[in-house]
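Structural characterization, general
One letter stands for each residue in the lines below.
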Amino acid sequence: MKKLGVVFLLALLSSCMQQIPIQNDWQIVLKTDNDGKVLKGSKQALIDAIRNGADLKIGWGVKREDLSIEHLSSPIWLAVLSEQEVMAHLDPQVLSGIDWENLNANYKDSTLLQQEWRVVLTTKGDFDAIWYDRKADTLIQRWPQKHTMTWFANSSSAESPSPLFTKS
């Protein structure tokens, strides 16, 4: 009898799990090439998403014949520049090392723990990264780059966009 009860309970749980819809409200609102040329979506759609209070994620990466890396990050600070472009800052990070042969990340080099990576990027394809030594309070390296970027927004917000500066 206990076995029958367990089987019934498992069948009930299984049917409940199948009825739970998977919510995926993340949509690409803008994809640009290295020079900021729009490949998909629009800059206005991104600006509207920001003004709606949507959660955002930004994706970029590098692909070569021998390796590839994809990044996805949520911005911590955003700005709409003259109603045309968006600027985003990412959360400062202490970066790990990457063992490309085994595709593992690690903090083996403990001297890197005092270094912080910071980046600001724009919808024009600009990606300005710096490495900063927190202990010495000095800039280690600046590496301005251009990247293809994909901007995602969580579309669950239904509010109407409104600019900060209105004519009324």
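Provided above is the structure to which this section pertains.
The shown structure was predicted, so the numbers you read here are calculated from the model rather than taken from an experiment.

**Points about the sheet that holds strand S5 (residues 75-81)**
Across the sheet, which stays open at both edges, the 5 strands sit in the order S5-S6-S9-S10-S11 with antiparallel pairing between neighbours. Each edge of the open sheet carries a strand with a single partner, namely S5 and strand S11 (138-146). In this sheet, neighbouring strand axes are inclined to one another by 15° on average, regardless of whether the strands run parallel or antiparallel. One ladder, built from 6 bridges, connects S5 with strand S6 (residues 85-90); its direction is antiparallel. Bridged to Leu78 within S6 is Ala88.

**Concerning the packing of aromatic side chains**
A full pass over the atoms with the stated rule returns 3 aromatic pairs. Consider the rings of Trp60 and Phe127, whose centres lie 5.2 Å apart with planes at 50°: the pair is tilted. Of this pair, Trp60 sits in strand S3 (residues 56-63) while Phe127 sits in strand S10 (residues 126-133), and the two are 67 residues apart along the sequence. Of the two residues, Trp60 and Phe127, both sit in the buried class. Note that Lys57 overlies the ring of Trp26, its terminal NZ or CZ placed 4.5 Å from the centroid. When the ring centre of Tyr132 is taken as origin, the NZ or CZ atom of Arg118, which lies over that ring, is 4.5 Å away.

**Description of the side chain of Thr150**
Along the chain, the position of Thr150 falls in strand S12 (residues 149-154). Apart from residues lying up to four places away in sequence, Thr150 is in contact with Ile28, Leu30, Lys31, Lys57, Ile58 and Gly59.

**Some points on helix H2 (residues 43-51)**
If you check which residues of H2 are buried, you get Lys43, Leu46, Ile47, Ala49 and Ile50. The arc that holds every buried residue of H2, seen down its axis, measures 160°, which confines them to one face. Here the buried face of H2 lies against strand S1 (26-32), strand S2 (38-41), S3, S5, S6 and S12. Trailing H2 by a residue or two, Gly53 shows a phi angle of about 85°, which is positive.

**Thoughts on unusual backbone geometry**
In the Ramachandran plot, Ser82 falls in the positive-phi region, its phi being about 50° despite a non-glycine side chain. By the secondary structure assignment, Ser82 is in the loop between S5 and S6. Taking the relative accessible area as the measure of exposure, Ser82 reaches 61% and is therefore exposed. Of note, the phi angle at Leu103 is positive, near 55°, even though the residue is not glycine. For Leu103, the position within the fold is in the loop between strand S7 (97-99) and strand S8 (104-106).

**As for the layout of surface pockets**
Gaps left between atoms show up when a probe the size of a water molecule is rolled over them. If you add up the space inside the largest pocket, you get close to 900 Å³. Listed by contribution, the elements that provide at least two residues to the lining of the largest pocket are S3, strand S4 (68-73), strand S9 (115-122), S10 and S11. With 4 residues, S4 is the largest single contributor of residues to the lining of the largest pocket. Considering only residue class, the lining of the largest pocket consists of 15 nonpolar, 9 polar and 3 charged. Each pocket or cavity is described by its volume, and for the second largest pocket that value is around 220 Å³.

Reading the values: rules and limits
Residue positions within a chain follow its written sequence, with the count starting from 1. In keeping with the predicted nature of the model, local features appear solely for residues at pLDDT of at least 70, side-chain atom pairs appear and are counted solely at 80 or more, and the whole-chain, interface and lining totals rest on all residues. Here the side-chain values reflect all heavy atoms present in the structure, with hydrogen atoms and water set aside. A strand pair is defined by DSSP finding two or more bridges across the two strands. By definition, any uninterrupted DSSP run of H or I lasting at least four residues is a helix, any uninterrupted run of E lasting at least two residues is a strand, and each is numbered from the N terminus. Between N-to-C directions, angles cover 0 to 180 degrees, with each direction set by a line fitted to C-alpha atoms, over the stretch in contact for helices. Pairing of aromatic rings covers Phe, Tyr and the six-membered ring of Trp, with a centre-to-centre limit of 6.5 Å; geometry is then stacked below 30 degrees between planes, edge-to-face above 60, and tilted otherwise. Burial classification: accessible surface area is computed with a 1.4 Å probe over protein chains only, and a residue below 20% of its type maximum counts as buried, one above 50% as exposed, and the rest as partly exposed. Whether a charge sits over a ring depends on NZ of Lys or CZ of Arg being within 6 Å of the ring centre and within 35 degrees of the ring normal. Residue contacts are counted whenever heavy atoms from the two residues lie within 4.5 Å of one another. As used here, the arc is the angular range of directions from the helix axis to the C-beta atoms. Points on a 1 Å grid over protein atoms alone make up a cavity when a 1.4 Å probe fits among them but cannot get out, and a pocket when they form an open set with protein on both sides within 12 Å along at least five of seven lines; lining residues each have an atom within 4 Å of a point. Grid points are joined across faces, edges and corners, and a volume is the space filled by probe spheres set on the points. Residues were grouped as follows: Ala, Val, Leu, Ile, Met, Phe, Trp, Tyr, Cys and Pro as nonpolar; Asp, Glu, Lys and Arg as charged; and all remaining residues, including Gly, as polar.

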